[in-house]
Amino acid sequence: MDGASVRRRLVRDTRVRIALVVLAVIALSAILAPHIAPYDPKQQLDITHLNGQPPSLAHPFGTDPFSRDVLSRLIFGTRVSLAIALSAVAIAMTFGTLFGAIAGYVGGTVDAVLMRIVDAAFSIPTLLLLIVVIALWGDIGIVSLTLLIASIGWFTVSRLVRAETLVVRNADYVVAARALGMPGWRVLVRHVLPNVVAPAIIASTLAVGNVILLEAGLSFLGIGVRPPTPSWGSIIQDGSERVSDLWWLTVFPGLAILITVFACNALGDALRDALDSGQLLSSFDDAPLSS
Amino acid sequence: MSTPLLSVRDLVKHFPIKSGIFGKVSGQVRAVDGISFDVNAAETLALVGESGCGKSTAGRAILRLIEPTSGSVSFDGHDVLTLGREELRRLRRKMQIIFQDPFSSLNPRMSIGAIVREGLTIHKLAEGAAADTRVRQLLDEVGLRPEYASRYPHEFSGGQRQRVGIARALSVEPSFIVCDEPVSALDVSVQAQVVNLLQDLQRDRGLAYLFIAHDLSVVEHIADRVAVMYLGHIVELAPVDMLFDMPIMPYTQALLSAVPAPEPGVKRERILLTGDVPSPANPPSGCVFHPRCQHPAKDEECARVVPPLEEKTPGHWAACIKQNAPDFFIPRSALHRSVPSPVNS
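Reading the values: the criteria
Residues numbered from 1 in each chain as written. Chains lettered and ligands numbered in written order. Predicted model: local features only at pLDDT ≥ 70, side-chain atom pairs only at ≥ 80, totals over all residues. Heavy atoms only, no water. Helix = DSSP H or I, 4+ residues; strand = E, 2+ residues; numbered from the N terminus. Rg over C-alpha atoms; globule rule 2.2 N^0.38 Å. Contact = heavy atoms within 4.5 Å. Areas by Shrake-Rupley, 256 points an atom, 1.4 Å probe, with all protein chains shown as cover. Lys, Arg positive; Asp, Glu negative; His and termini not counted. Charge placed at Lys NZ, Arg CZ, Asp CG, Glu CD. 1 Å grid on protein atoms, 1.4 Å probe; cavity = no way out; pocket = protein on both sides within 12 Å on 5 of 7 lines; lining within 4 Å. Points joined across faces, edges and corners; volume = space filled by probe spheres on them. Nonpolar A, V, L, I, M, F, W, Y, C, P; charged D, E, K, R; others polar. Core = buried A, V, L, I, M, F, W, Y, C linked by side-chain atoms within 4.5 Å. Buried < 20%, exposed > 50% of the residue type's maximum accessible area, 1.4 Å probe, protein only. Domains from an automatic or database assignment. Expected span 1.5 Å × (residues − 1). Arc of directions from axis to C-beta. Pairing = 2+ DSSP bridges. Axes fitted to C-alpha atoms, helices over the stretch in contact; angles between N-to-C directions. Buried area = accessible area lost by both parts, 1.4 Å probe. Salt bridge = Lys/Arg side-chain N within 4 Å of Asp/Glu carboxyl O. Polar contact = N/O pair within 3.5 Å; in protein donor to acceptor, adjacent residues only side chain to side chain. Patch = residues over 30% accessible without salt bridge, like charges linked within 9 Å, V, L, I, M, F, W, Y side chains within 5 Å. Phe/Tyr/Trp six-rings, centres within 6.5 Å; stacked < 30°, edge-to-face > 60°.

## A few points about the overall build of chain B
Then comes step 1: For chain B, the helix and strand inventory stands at 10 helices and 12 strands.
Then comes step 2: Since a compact globule built from 345 residues should have a radius of gyration of about 20 Å, the 22 Å found for chain B is in line with a globular shape.
Then comes step 3: C-alpha atoms of chain B, sized along the principal axes, occupy 65 × 60 × 45 Å.
Then comes step 4: Considering only contacts within chain B whose residues lie at least 6 apart along the sequence, 65% involve residues at least 24 apart.
Then comes step 5: Accessible area of chain B: about 15100 Å², with a carbon and sulfur share of 52%.
Then comes step 6: With 37 positive and 39 negative side-chain charges, chain B shows a separation of 6 Å between the mean positions of the two kinds.

Put into structure tokens, the structure is as follows:
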């Protein structure tokens, strides 16, 4: 399979186009937050007259009980939620890929030990672990939260990559590299890694959605992003005690989460389809007539 | 006689069969079970046998791409199996391998220029512009246009990819190449081109080949000597003409009788072997071929005595306790190069 044909297949996919446009809009609003947000997200505008106001022309998404503009908080919250999700996934993917590739390529005892670590990690209920760690740790910042989420996200990637590595390590081009006298680490970097990252990329795209949900869940429980910093989950938390009359505090960030997660999953699915069929097609396209 | 370039003695590769959750070793697959042969400089030794007889394992064990269980391999004065990692890396320059599958033998994410260049970089044979020039020379030498260097493997046909694999092996200037069924996966018309290329390279560079194959017509064309393998053992080893004209071992006779007749109308009797190849995890006692052997003198002794590979006539080695000379128990007319049938004459 080659990059060009995968790209062509992706561009033709309607899901991909829609998902990319949605994600681009979300990413842009995160980047341009200070320029497009109508108010300061942390500023209490008028605590006596503007608390918990429903959507209006001046405040399209309403205000929260602290008289802050929900639209501005949502836009700035995009920054926080996306930053956490993307960096946590990037860290988890890098670490998981290296871990899985080393386990699969080296094999033997190293593989057994590394994979038992992953098995053990899999057996821990992650949300519970996060809650306990955060409870013990107390107040944690965004960086620590990101690292924590990353630390529970790499197992799946490492499993996928290991399985792929077991296939690739026996490919003739890997044997050829060893026959040429290439040192082991260089075979791993030049020949194995580039051919095993596809499943990691797919898993990561899908994981972005999950991490957004996880962060929202933690913030909703009040143990994620600390107030007054806005994130999608913490905005919902601000309105959680009066959901029935302050519905705009739940609905708008909820929609933001829904749309983003949906777009990430659609992109991940399309990527998987494109890469899978890419492999199938290339092995059929080029098959020799004989043999 | 000069010392051979490569000497293999009693090479054994057993794969353990692991079972149970603790991976207890419950048996051994005797893929290669004590083979010995020499390859001289600029010579082609063909290693033939049916699928699963251990010929590819033997080729890889010689290069230490898989670690042999025991035995010795001496190459150009070096004891290959006792070399340290660094010495082995340096020696790999001199011993290369070409693969059967032209599709899995090239990294799909590297341009063919980068693939051919790797050996130059590893052994610091050329750098920068000099390496570019060398890559173009190598591609040219194997019959590919030098401009192709920037293209990727999927843009090439099987035969062209095989040429890239050959260029990669040549990049480090080896004196010995294991050709692991290099043409088996190719169209017949392309096979001839690749075989001719290998022969040209041998002539120009004085290469020695261990040519692993199951297609006897290709072997007859390219080999100087032929070793026949069956179930991890070499059962016959002889110069190509001797082996094809006067096979001694009953297995070799059966193998040769299976070669399709090159001319229409030539009629040959097939020696049809009955039964399957026994499992190398549980090989027969004595002569490994005895359960399928059709030699008229076969008896219990064959099931008891392991036949040594003996020089039956000068240069012609065979492992059979019943057949001591190439006097055939099969009617000669049944064999390869048989007399044309009446239809033809």
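## Digging into empty space enclosed by the protein
The method is simple in principle: a probe with the dimensions of a water molecule rolls over the atoms, and the space it marks as empty is what remains.
Then comes step 1: Using the criterion set out here, one finds 3 cavities of 30 Å³ or more in the structure.
Then comes step 2: What the largest cavity holds in volume is close to 70 Å³.
Then comes step 3: For the lining of the largest cavity, the class distribution of residues is 10 nonpolar, 1 polar and 2 charged.

## Let's talk about the nonpolar core
Then comes step 1: The biggest cluster of nonpolar side chains holds 61 residues, and the ones touching the most others in it are I166, L170, I177, L198, V219, V226 and F244 of chain B.
Then comes step 2: Among the elements that make up this core, the one with the highest residue count is helix 6 (residues 188-205) of chain B (6 residues).
Then comes step 3: When residues of this core are assigned to domains, at least three map to each of domain 1 (40-49 + 56-71 + 78-230) and domain 2 (233-338) of chain B.
Then comes step 4: Discounting chain neighbours no more than four positions away, the residues touching V226 of chain B are L45, A46, V48, V219, E236, L237, A238, V240, L243 and F244 of chain B.
Then comes step 5: Formed by 46 residues, the second largest nonpolar core is a distinct cluster that contains I84, M115, I212 and W232 of chain A.

## Comments concerning helix 5 (residues 108-122) of chain A
Residues spaced three or four apart along an α-helix face the same direction, because each turn holds 3.6 residues.
Residues and elements named next belong to chain A.
Then comes step 1: Taking 1.5 Å of rise per residue, 15 residues should cover 21 Å, and helix 5 covers 21 Å from first to last C-alpha, within 8% of that figure.
Then comes step 2: Buried within helix 5 we find D111, L114, M115, V118 and A121. An end-on view of helix 5 places all buried positions within 110 degrees of arc, on one side of the element.
Then comes step 3: Here the buried face of helix 5 lies against helix 4 (70-106) and helix 8 (154-168).

## Points about the sheet that holds strand 2 (residues 24-39) of chain B
Residues and elements named next belong to chain B.
Then comes step 1: Taking strand neighbours across the sheet as the criterion, the 4 strands line up as 2-1-4-5 in an open arrangement whose pairing is antiparallel. Edge positions in the sheet fall to strand 2 and strand 5 (78-79), since each has one partner strand and no second.
Then comes step 2: Here 5 bridges tie strand 1 (residues 6-19) to strand 4 (residues 70-75), and the two strands are oriented antiparallel to one another. Within strand 4, the position partnered with V12 by the bridge is S70.
Then comes step 3: Running over the sheet, helix 1 (residues 55-62) touches strand 1, strand 2 and strand 4 and is turned about 115 degrees from strand 1.

## Examining the pairing of strand 7 (residues 176-180) of chain B
Residues and elements named next belong to chain B.
Then comes step 1: Counting buried positions along strand 7 yields 5 of 5 residues, so the element is predominantly enclosed.
Then comes step 2: Burial of the side chains of strand 7 extends over both faces: F176, V178 and D180 are buried on one face and I177 and C179 on the other.
Then comes step 3: With 4 bridges joining them, strand 6 (residues 95-98) and strand 7 adopt parallel strand pairing. Its bridge partner lying in strand 7, M95 is registered against F176.

## Observations concerning the pairing of strand 2 of chain B
All names here are of chain B.
Then comes step 1: Sheet topology places strand 1 next to strand 2; 12 bridges connect them, and they run antiparallel. For L6, the partnering residue across the bridge sits in strand 2 and is V39.
Then comes step 2: Counted along the chain from strand 1 to the antiparallel partner strand 2, the turn is 4 residues long, and its residue G20 has a positive phi close to 80 degrees.

## Focus on the interface of chain A and chain B
Then comes step 1: With 23 residues of chain A in contact, the opposing surface of chain B contributes 31 residues.
Then comes step 2: Roughly 2400 Å² is buried in total at the junction of chain A and chain B, and carbon and sulfur atoms are behind 54% of that figure.
Then comes step 3: Ranking the residues of chain A by area buried against chain B places D172, A179 and L180 of chain A at the top, with a combined share of 27%.
Then comes step 4: Taking the shortest distance from any N to any O, the salt bridge between R60 of chain B and D172 of chain A comes out at 3.7 Å.
Then comes step 5: Scanning the region where chain A abuts chain B turns up 13 residue pairs in polar contact (both at pLDDT 80 or more).
Then comes step 6: Of all elements in the fold, only helix 9 (172-179) and helix 10 (184-220) of chain A reach the threshold of two or more residues within the side of chain A that touches chain B.
Then comes step 7: Top contributing element to the side of chain A that touches chain B by residue count: helix 9 of chain A, with 6 residues.
Then comes step 8: Looking at the side of chain A that touches chain B residue by residue, the classes come out as 12 nonpolar, 5 polar and 6 charged.

## With respect to a nonpolar patch on the surface
Residues and elements named next belong to chain A.
Then comes step 1: A contiguous nonpolar surface patch, about 440 Å² in accessible area, is contributed by W247, V251, L255, L258 and I259.
Then comes step 2: Residue position: W247 is located in the loop between helix 11 (232-238) and helix 12 (248-285).
Then comes step 3: The exposure class assigned to W247 is partly exposed, which follows from its relative accessible area of 40%.

## Here's the deal with the domain arrangement of chain B
In many analyses, interface size is given as the accessible surface area lost on bringing the parts together.
Residues and elements named next belong to chain B.
Then comes step 1: The domain boundaries assigned to chain B delineate domain 1 (40-49 + 56-71 + 78-230) and domain 2 (233-338).
Then comes step 2: Computed over C-alpha atoms, the centres of domain 1 and domain 2 are 31 Å apart.
Then comes step 3: Listed by partner, the interface residues are 13 residues for domain 1 and 22 residues for domain 2.
Then comes step 4: When the two sides are added together, the surface that domain 1 and domain 2 hide from each other amounts to roughly 1600 Å², 68% of it contributed by carbon and sulfur.

## Regarding the sheet that holds strand 10 (residues 233-239) of chain B
All names here are of chain B.
Then comes step 1: Spatially, the 8 strands line up as an open sheet ordered 6-7-8-3-9-10-12-11, and their pairing is mixed. Both outer strands of the open sheet, strand 6 and strand 11 (310-313), are each paired with one neighbouring strand and no more. Between one strand axis and the next, the sheet turns by 20 degrees as a mean value, whatever way the strands run.
Then comes step 2: Relative to strand 8 (residues 208-213), helix 1 is tilted by about 150 degrees, and along the sheet it contacts strand 3 (44-48), strand 6, strand 7, strand 8 and strand 9 (225-230).

## Comments concerning helix 3 (residues 112-122) of chain B
Then comes step 1: With 8 of its 11 residues buried, helix 3 of chain B lies for the most part within the structure.
Then comes step 2: Of all the residues in helix 3 of chain B, the buried ones are I112, G113, I115, V116, E118, G119, L120 and I122 of chain B.
Then comes step 3: Against the buried residues of helix 3 of chain B lie helix 10 of chain A together with helix 2 (85-91), helix 4 (128-141) and helix 5 (158-170) of chain B.
Then comes step 4: Of the residues trailing helix 3 of chain B, K124 of chain B is marked for its positive phi of about 50 degrees.

## Quick look at the packing of aromatic side chains
Residues and elements named next belong to chain A.
Then comes step 1: In the structure shown here, the tally under the stated rule is 13 aromatic pairs over all chains.
Then comes step 2: Geometrically, the ring pair formed by F95 and W154 is edge-to-face, given 4.9 Å between the ring centres and 90 degrees between the ring planes. In this pair, F95 is assigned in helix 4 and W154 in helix 8, connecting sequence segments 59 residues apart.
Then comes step 3: Given the relative accessible area of 42%, F95 is considered partly exposed.
Then comes step 4: Residue classification places W154 among the buried residues on the basis of a relative accessible area of 10%.

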